[in-house]
Amino acid sequence: MPTALIHEHDACPILQRVRLDDGRFLKESGGLALRCNLAYASKVFEIASCARRDPVDHEHLQQFTMLDLYEAEATLEDAIQLCRELVTSFYEGPIATCSVAEHIKANLGVDLIDDPDSEAKLKIALSRQYQEQDATLYSLVNTYITREIQPLSLGQLVIVSDVPRAAESAGRQAPDAVATARIAEFQIDGMEVAQLIEDEPDPGVYVEKAQAHGHYGPEVDTVVQHIRDGSIPSRSAGFGIGLERLAMAATGRKDIRAFMPSQDFVRES
């Protein structure tokens, strides 16, 4: 189901859309818009060419191909199982797991599970570690995952869980934890190949988290309104797979530019 994205506004203050000099937006991963398609079907997917801001290097393309899937009433475990089946259909390396919450507790002494003040303590600890006093918790968590967690996936697939909720406000808060969300990542050879999320079903909690972490914007309002009026189900889960990165992992190539998509590839997909 193709997802038409026409943006009147940026998604939120810290996640601005990619646009051309003449003001037109470029298509990104469907994200919240794809979730809205659950109004029409209980399971939806899309394979689309997406744009991003990163400069081109050995693991980033400015245009890449994303496979996105969402399912109503699904859990994070459902998404992990399906994503694992898809990824391991092509990637044959070893598989391990990693809890970000456990890693942070062991290395920074911050307990994201039981300490009600853990988010404030985590921001202080990460600000000191990376000497970034004015950074948001969102950016600090992303830096930690990039520098500390992704290297654990060299030579293997690591299924990352217990991610701090600051990484994605739309993720459902883990019911038995203070500051982790129902989010997972598939990391292979130091790269994030897939991100998985169980969506926050409570509109009030979703808005509160989005505002607290700088993610609040017009797209959040749109999704919240659809949930409240019953247009889309409150409970859902899904994931996105970067197909060029998966191709790198499956073939052992070290430069993503070898898989820069041609128009013929996009049409065949």
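Refer to the preceding data block for the structure.
Criteria and thresholds
Residues numbered from 1 in each chain as written. Predicted model: local features only at pLDDT ≥ 70, side-chain atom pairs only at ≥ 80, totals over all residues. Heavy atoms only, no water. Core = buried A, V, L, I, M, F, W, Y, C linked by side-chain atoms within 4.5 Å. Buried < 20%, exposed > 50% of the residue type's maximum accessible area, 1.4 Å probe, protein only. Helix = DSSP H or I, 4+ residues; strand = E, 2+ residues; numbered from the N terminus. Salt bridge = Lys/Arg side-chain N within 4 Å of Asp/Glu carboxyl O.

S.K.: Explain the nonpolar core here, please?
M.R.: Soluble globular proteins tend to pack their nonpolar side chains together in the buried interior. In this structure, Leu122 and Val141 are the most contacted members of the largest nonpolar core, which totals 41 residues. Looking at this core, the elements with two or more residues in it are α1 (31-36), α3 (100-108), α4 (118-130), α5 (137-149), β4 (157-161), α6 (203-212) and α7 (218-228). The biggest single contributor to this core is α5, with six residues. Within the second largest apolar cluster, 20 residues are counted, among which are Leu76, Tyr91, Val193 and Leu196.

S.K.: Any chance you could explain the pattern of salt bridges here in plain terms?
M.R.: Here the idea is simple: oppositely charged side chains can pair when their charged atoms come close. Following the criterion strictly, the structure yields nine salt bridges and no others. One salt bridge connects arginine 172 with glutamate 198, and the closest N-O pair in it is separated by 2.8 Å. Within this pair, whereas arginine 172 is found in the loop between β5 (163-164) and β6 (180-181), its partner glutamate 198 is found in strand β8 (residues 191-198), the two being separated by 26 residues in sequence. Among the salt bridges present, the one from glutamate 200 reaches lysine 209, with a minimum N-O distance of 3.8 Å. Across the pair, lysine 209 and glutamate 200 agree in class, each one buried. Salt bridges here are not isolated pairs; linked through shared partners, they connect Glu77, Arg172, Arg182 and Glu198.

Geometric values such as these leave the question of function open.
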